[in-house]
Amino acid sequence: MAFPEPKPRGPELPQKRVKTLDCGQGAVRAVRFNVDGNYCLTCGSDKTLKLWNPLRGTLLRTYSGHGYEVLDAAGSFDNSSLCSGGGDKAVVLWDVASGQVVRKFRGHAGKVNTVQFNEEATVILSGSIDSSIRCWDCRSRRPEPVQTLDEARDGISSVKVSDHEVLSGSVDGRVRRYDLRMGQLFSDYVGSPITCTCFSRDGQCTLVSSLDSTLRLLDKDTGELLGEYTGHKNQEYKLDCCLSERDTHVVSCSEDGKVYFWDLVEGALALALPVGPGVVQSLAYHPTEPCLLTAMGGSVHCWREEAYEAEGGTG
């Protein structure tokens, strides 16, 4: 007689604080995991970018070269390069190991809110309050962008990249998806200024947050509204949202000091995680594990599931 298979365990949410990084770089504007989730980047209002091991709480390197606060950063697929953008209107390409600036791309007319590498890390895409997305060739010495996407009627708040698509959110209330294989642009009107957009991990859906304190899950191909998620507060700031590592939960920052988790299918609030007394400015979700980073003020907190035991005890 065969015993029944054990039921797969349900998704665990990161709700146990296991580490706090006092970043020492003014207000932390953004926190981002690297590609495999072993390291993270913090963007500071003091013009620096810092690389950490978040679970150990160790600072690995500080990158200095921006002229004003750093607003976003991303790592390349092979962990050899970083890109960042900031209030100085510049997009910077860094060498991870040496900490040196490899290239500084200028051309945006306003602060750069968001940066991403393409999959091969040969191109950096940057979105700015000047309403444009610019594509910079990392290997070329040419100072101008190789392409400019300027369909938005207001500032770009969010840019994400898949193997053949660019997803952008704008203050004009539209989500735009550029299909680079087909050479087509798809646009969905949300109506409220968009603060963050992202692909689901399976690539079928897009998640959009906007300043009406609502997140919306859209079918990527049809634009059909699949779900709405409310209860958090987002009326003023550009805040991050994402999906959990297995696409089971929708996750968002909030202006009331919490991170909100909703069941993706049911739409019900699963957890409101108290982070602190301010605005949760930024968050990052680990690519494969129930691990969350949150930024508030000058600190980053690392959260794990309840059953998690750190090596050598929690710190």
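Residues numbered from 1 in each chain as written. Predicted model: local features only at pLDDT ≥ 70, side-chain atom pairs only at ≥ 80, totals over all residues. Heavy atoms only, no water.

1. Re the overall build of the protein chain
Argument step 1. The helix and strand tally for the protein chain stands at 0 helices and 28 strands.
Argument step 2. Relative to a compact globule of 315 residues, whose C-alpha radius of gyration would be 20 Å, the protein chain shows 19 Å and is just as compact.
Argument step 3. A total accessible area of about 13,800 Å² is found for the protein chain, and carbon and sulfur atoms account for 47% of it.
Argument step 4. In the protein chain, 34 positive and 42 negative side-chain charges are present, and the distance between their average locations comes to 6 Å. (Helix = DSSP H or I, 4+ residues; strand = E, 2+ residues; numbered from the N terminus. Rg over C-alpha atoms; globule rule 2.2 N^0.38 Å. Areas by Shrake-Rupley, 256 points an atom, 1.4 Å probe, with all protein chains shown as cover. Lys, Arg positive; Asp, Glu negative; His and termini not counted. Charge placed at Lys NZ, Arg CZ, Asp CG, Glu CD.)

2. A short note on the sheet that holds strand S28 (residues 299-304)
Argument step 1. Pairing is antiparallel in the open sheet, where 4 strands are placed in the order S1-S28-S27-S26. Either end of the sheet is taken by a strand with one partner, and the two such strands are strand S1 (16-22) and strand S26 (282-285). In this sheet, neighbouring strand axes are inclined to one another by 20° on average, regardless of whether the strands run parallel or antiparallel. (Pairing = 2+ DSSP bridges. Axes fitted to C-alpha atoms, helices over the stretch in contact; angles between N-to-C directions.)

3. Thoughts on the UniProt feature "repeat: WD" (unreviewed entry) in the protein chain
Argument step 1. Here, UniProt's "repeat: WD" (unreviewed entry) annotation points to residues 21-62, 63-104 and 105-146.
Argument step 2. Secondary structure over residues 63-104 splits into 0% helix and 55% strand, and the C-alpha atoms at its two ends are 13 Å apart.
Argument step 3. Helix makes up 0% of residues 105-146 and strand 43%, with an end-to-end C-alpha separation of 11 Å. (UniProt positions renumbered as here; feature names shortened; annotations may be inferred.)

4. Observations regarding the side chain of Gln 281
Argument step 1. Within the secondary structure layout, Gln 281 lies in the loop between strand S25 (269-274) and S26.
Argument step 2. Ignoring anything within four residues of it in the chain, the contact list for Gln 281 reads Val 28, Arg 29, Lys 238, Leu 239, Asp 240, Cys 253 and Ala 295. (Contact = heavy atoms within 4.5 Å.)

5. Focus on the pairing of strand S11 (residues 123-128)
Argument step 1. The buried fraction of S11 is high, at 6 of 6 residues.
Argument step 2. Burial of S11 is two-sided: the residues Val 123, Leu 125 and Gly 127 facing one way and the residues Ile 124, Ser 126 and Ser 128 facing the other way are all buried.
Argument step 3. In this structure, the hairpin formed by strand S10 (residues 112-117) and S11 is closed by a connection of 5 residues, where Ala 121 is found at a positive phi of approximately 60°.
Argument step 4. Across 5 bridges, the pairing between S11 and strand S12 (residues 133-137) is antiparallel. Bridge assignment links Ser 126 to a residue of S12, and that residue is Arg 134.
Argument step 5. Hairpin geometry of S11 and S12 is characterised by an intervening segment of 4 residues between the two adjacent antiparallel strands and by a positive phi of about 80° at Ser 131. (Buried < 20%, exposed > 50% of the residue type's maximum accessible area, 1.4 Å probe, protein only.)

6. Describing the pattern of salt bridges
Argument step 1. Per the counting criterion, the structure on display carries 16 salt bridges.
Argument step 2. Across the pair Asp 72 and Arg 32 runs a salt bridge, and its minimum N-O distance is 2.8 Å. Here Asp 72 is found in strand S6 (residues 70-75), whereas its partner Arg 32 is found in strand S2 (residues 28-33), with 40 residues between them in sequence.
Argument step 3. Asp 172 is the partner of Arg 176 in a salt bridge, and the nearest nitrogen-oxygen pair spans 2.9 Å. With respect to class, Arg 176 is no different from Asp 172; both count as buried.
Argument step 4. A network of salt bridges, in which partner residues are shared, links Glu 165, Arg 177, Lys 220 and Asp 221. (Salt bridge = Lys/Arg side-chain N within 4 Å of Asp/Glu carboxyl O.)

7. Notes on the sheet that holds S25
Argument step 1. Spatial ordering of the open sheet is given by S22-S23-S24-S25, a layout of 4 strands whose pairing is antiparallel. A single partner strand is all that each edge strand has here, and the edge strands are strand S22 (241-243) and S25. Within this sheet the neighbouring strands show an average axis-to-axis angle of 15°, counted without direction.
Argument step 2. Pairing of S22 with strand S23 (residues 249-252) involves 3 bridges; the strand directions are antiparallel. What sits directly across from Cys 242, in S23, is Val 251.

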